[in-house]
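Fold and contact review
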Amino acid sequence: MLLALAGLTPPARADDVWPPITRQTRPWTYWWWMGSAVDQTNLVRELTRYRQAGLGGVHIIPIYGAKGWEDRYIPYLSPAWLEMLDFTVRQAAKLDLGVDMTTGTGWCFGGPRVAADEANALVETREFKLEAGERLDVVFDRTQLQALMAFGPEGRRVDLLDRLAENGTLDWSPPSGSWQVIAVSQRFSGQRVKRAAPGGEGPMLNLFEPRAMTNYLRWFDEAFDNYRGAMPRAQYHDSYEYRCDWAPSLFEEFEKRRGYRLQDHLDAFVHGEPADRAARVKSDYRETLSDIMAEVTLPLWTDWAHRHGWITRNEAHGSPGNWIDLYAAADIPETEMFHRDRNRLLCKFASSAAHLTGRPLTSSETGTWLAEHFTETLGQMKELLDDLFLSGVNHIFYHGTCYSPDEVPWPGWLFYASFQMNPRNPIWRDVPALNLYAARCQAVLQSGRPDNDLLLYWPVHDLWHDPSGTARNLTIHARDWFETRPIGQTARQLWDAGYAFDYVSDRFLQKASAQARRVHLSGGSWRGVVIPPCQHMPLPTLQKLIQLAEAGVPVFFAGGLPADVPGWADLDNRRVRFNELCAHARRLANREEPCLYIGRLPSALTAAGIPRESMVEEAGLLFIRRALPTGHYYFVANRSTDEAFEGWITLGRPARSVRLLDPMTGRFGAPPQAPAGPDHVALYLRLWPGQSCILQTAPTPFDDPPWTWWTAAGPAFTLRGRWRVEFISGGPTLPAAYETETLGSWTDGDDPERKRFAGTARYTLQFDAPAWQASRWRLDLGAVAQSARVRLNGRELGTLLQAPWQVIVEDLRTSHNLLEIEVTSVAANRIRDLDRRGVPWKNFHDINFVNINYRPFNAADWPIRECGLLGPVTLTPVEPQRTNR
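Let us look at the structure shown here. (Residues numbered from 1 in each chain as written. Predicted model: local features only at pLDDT ≥ 70, side-chain atom pairs only at ≥ 80, totals over all residues. Heavy atoms only, no water.)

**Description of the overall build of the protein**
Quick note on the threshold: Think of it this way: any DSSP run of H or I at least four residues long counts as a helix, any run of E at least two long counts as a strand, and we number them from the N terminus. Here the radius of gyration uses the C-alpha set of atoms, whereas the globule reference equals 2.2 Å times the residue count to the power 0.38. Any residue under 20% of the maximum accessible area for its type is buried, any over 50% is exposed, and the rest in between are partly exposed; the area is computed with a 1.4 Å probe on protein chains only. Here a residue-residue contact requires only that any non-hydrogen atoms of the pair lie within 4.5 Å. The Shrake-Rupley method, run with a 1.4 Å probe, gives the accessible areas here. Residue values count only the displayed protein chains as cover. For the purpose of counting charges, residues Lys and Arg are taken to be positive, whereas Asp and Glu are taken to be negative. His and the chain ends are not included. For charged residues, the charge sits on one atom: NZ in Lys, CZ in Arg, CG in Asp, CD in Glu.
What the protein contains, in helices and strands, is 20 helices and 42 strands. A compact globule built from 885 residues should have a C-alpha radius of gyration of about 29 Å, and the protein, at 31 Å, falls within 12% of that. Seen through its C-alpha atoms, the protein measures out along the principal axes to roughly 110 × 75 × 50 Å. For the protein, with 885 residues in total, the buried portion stands at 64%. For the protein, long-range pairs separated by at least 24 residues make up 79% of all intrachain contacts whose partners lie at least 6 apart in sequence. With an accessible surface of roughly 32200 Å², the protein has 47% of that area assigned to carbon and sulfur atoms. Put simply, the protein has 95 plus and 104 minus side-chain charges, and the middle of one group is 3 Å from the middle of the other.

Set out below in structure tokens:
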């Protein structure tokens, strides 16, 4: 970690330098209640452990239960369940922990109160061919039929719904020629609440049906009407995993919003032909689905929560709508990274929604399937946190922690898609170091305000303009809708060039105004708007962009002007006005000092004076920036996998002084720095792959001690002698201590107990200082599996979670130095042993416990994993790095 190469500045004024750490800045965790089989004694135990480890809060999610505990299940929202909720919130408050809860069980919204016509639904169409004079020999169910249209030659159409007899027969025949009759109804998609808890089972809700949300929330109103207990902070809606493309009121909502009847275009809607009309109608259909969620159902939920004194967290990813608008429908937009599906630019949709609306927090589901169970390390989690911080996240929720009674044998109750961030996992011993790191970072990233220069428009209508299919769920897994399209490519171009930006939607652009040559929204102001190459743009959006440019806001059309308007209604008139606006835009672009630029994005951004951060030109360096009343915070991370950075960087924001803060240790100081022009400063920085730091700038000098970068002043000396290895915590039993002169995995050798042990071992060595004169030394542990606490001569030197496994030491004695290194492993070998011996620990209902490929979990065939201090351990004399600029 960074402490490995940092100076030894004592954190005497750390409380004044770092923003305060609160329950909101500490990381929170998903907290699964299996069967809601919780009791007060174990709730107190678990919450106390969470707080001691540095967590800030928990998010209650009731799920399926453990086998054999059915008599202790507590039905969801029952009086007994609400009693446990009250006890939990009160106990958490005593410990300075917050509590959130899902508006339901498992995921997504749904349950026993969801009626058949309010459940997520799929459209069903039936087609019939009729010739002139023929009659349809079909009996329709009038209660289910939503549309019945006939389409004939020369574009003729007849609405047959009102011609149905009471018994469902149709007394109509075509007057001439061949006709096609299309009947539309819907069916339950079959999607039920996933991983539901007792009392929460049932169909998933239909988010395209307004009355469905209203009726769903009545379930909670009835439960909480007589509740006088302590309230959680927030209600939560998980990622969109509904299977839905239709709703009972969709025809009505479509006509109200789009200005024409979808029924009249069912021929194109069903067949996708003619292609252009079908694409336009389906674009309108997809926009309607998005509008219903953004304007009706999700705001209904948030407004309902506010009436109860709650705020809301919402994961919009996975939905078929405009993510920006849907994230913005909640008080805290929440994103996620899932296993290898990690794209920082996708996570920026959530933080952008927060920035546009002025909401201070962006949360994230953090660690879902980070790696295979029991092999995940705190170092891997730290790197994931850094990716999320760079994306604009400042409110981490680990995914997560399962409540487990103490009487359940190891490994306790477990949720299958979790990082297993729980007190039974051996890595929990060093979790406080990770949590303190996260808390310091989030204290910084929750300070001040976002500081991005550009708005990047999402031309979502190009995505919606597609004659095939119905609703397309936009997921973080299949990302071609983003990465291979101009929005993703332009975002990558800006990111790689060091431009700070937020995404913006058509809806938010309509709310924008221009002041002092900047575009303003309720959440802040930006220096310009970038439009990726796009084909279709709504007329009001183009009008707004031209208005902004005329008011002096730089507007950049990266790939030329759009070609057409989307949608079907009033197409000819809209096209006329659209072409007039495009002509006007070209005239604006041809002015001597334009504010509207067409093409040549990099040179246009430079010409408009949009600043960028040049540090991104260095391999691996990435940043996010916050503005303070005076100065800025930078979070800077080296996300290279194998290349360290060392050298000078110049910050893009004006400053006269820079403070370097290490969020892993709390240390701070003035790094080597020099003027870089009249208003800028350069500093000397060193970051290994996976390392990160905070930079704080100011217009006047900080009164800080110097920050020293240390470099080798002599050869590395391998520490030799007899290491004593003692097992101090973990299981299944503590193996016997042993001594060795050769470091390696504690699983080596003949002791079977060491091969199945998971936990912590203390390595102790007495040694004499090398024959070299030095006041500082670099202690390098070599390789570690998988985290280490280091103590030298009784002095704590820090906790290391990832390479380089180094610390700087001073006051080395000439002889009889005592080095103690406590190394903690992952749980892999212990869980392997359980499965090899057939111990029945996977005792859960529903999906039970699966591996990362969603197959039954079995670690019996795993190879034994290296654990412990692998070395070699060396001491290298160091001296201050010369950093002349």
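Now that the structure has been shown, the text picks up again.
**Examining unusual backbone geometry**
Residues apart from glycine generally show negative phi values, whereas peptide bonds are mostly found in trans. Here the bond from histidine 399 into glycine 400 is cis, since omega is -10 degrees, no more than 30 degrees from zero. Take glycine 400: it is sitting in strand β12 (residues 395-402). Here alanine 785 and glutamine 786 are connected by a cis peptide whose omega angle stands at 15 degrees. Backbone geometry places serine 36, a non-glycine residue, at a positive phi of 50 degrees. Within the fold, serine 36 resides in the loop between β1 (28-34) and α2 (40-52). Note on serine 36: relative accessible area 0%, which makes it buried. Unlike most non-glycine residues, aspartate 846 shows phi in positive territory, near 60 degrees.

**A closer look at the packing of aromatic side chains**
Test applied: Aromatic pairs are defined between Phe, Tyr and Trp rings, using the six-membered ring for Trp, whenever the two ring centres lie within 6.5 Å; interplanar angles under 30 degrees are classed as stacked, those over 60 as edge-to-face, and all others as tilted. Placement of a charge over a ring requires the Lys NZ or Arg CZ to be within 6 Å of the ring centre, with the centre-to-atom vector within 35 degrees of the ring normal.
In the structure shown here, the tally under the stated rule is 66 aromatic pairs. With a centroid separation of 6.2 Å and an interplanar angle of 55 degrees, the aromatic rings of tyrosine 403 and tryptophan 413 are classed as tilted. Highlighted residues: tyrosine 403 in the loop between β12 and α11 (431-445) and tryptophan 413 in the loop between β12 and α11, separated in sequence by ten residues. Look at tyrosine 403 and you get buried, because its relative accessible area is 0%. Over the ring of tryptophan 28 we find arginine 233, and its NZ or CZ is 4.2 Å from the ring centre.

**Considering the packing of helix α10 (residues 378-390) against α11**
Defined as follows: Fitted lines through C-alpha atoms give the axes, limited to the stretch in contact for helices. The angle between two N-to-C directions lies from 0 to 180 degrees. Here is the rule for angles: anything less than 35 degrees is roughly parallel, anything more than 145 is roughly antiparallel, 65 through 115 is roughly perpendicular, and the remaining ranges are oblique. In the scheme used here, Gly and all other residues not listed as nonpolar or charged are polar, with Ala, Val, Leu, Ile, Met, Phe, Trp, Tyr, Cys and Pro taken as nonpolar and Asp, Glu, Lys and Arg as charged.
Orientation of α10 relative to α11, taken along the N-to-C sense of each, is 10 degrees, at an axis distance of 10 Å. With respect to their mutual orientation, α10 and α11 come out roughly parallel. Where α10 approaches α11, its residues Leu378, Met381, Lys382, Leu385, Asp386 and Phe389 are matched on the opposing element by Val431, Leu434, Tyr437, Ala438, Cys441, Gln442 and Leu445. Taken together, the residues of the contact of α10 with α11 break down into ten nonpolar, one polar and two charged.

**A look at the pairing of strand β40 (residues 817-824)**
Note the cut-off: Two strands are said to pair when DSSP picks up at least two bridges between them.
With respect to burial, β40 is a largely interior element, seven of its eight residues being buried. Across eight bridges, strand β34 (residues 758-767) lies against β40 in antiparallel orientation. Within β40, the position partnered with leucine 765 by the bridge is leucine 819. Here strand β37 (residues 787-792) runs beside β40; their pairing, made up of six bridges, is antiparallel. What sits directly across from valine 790, in β40, is isoleucine 821.

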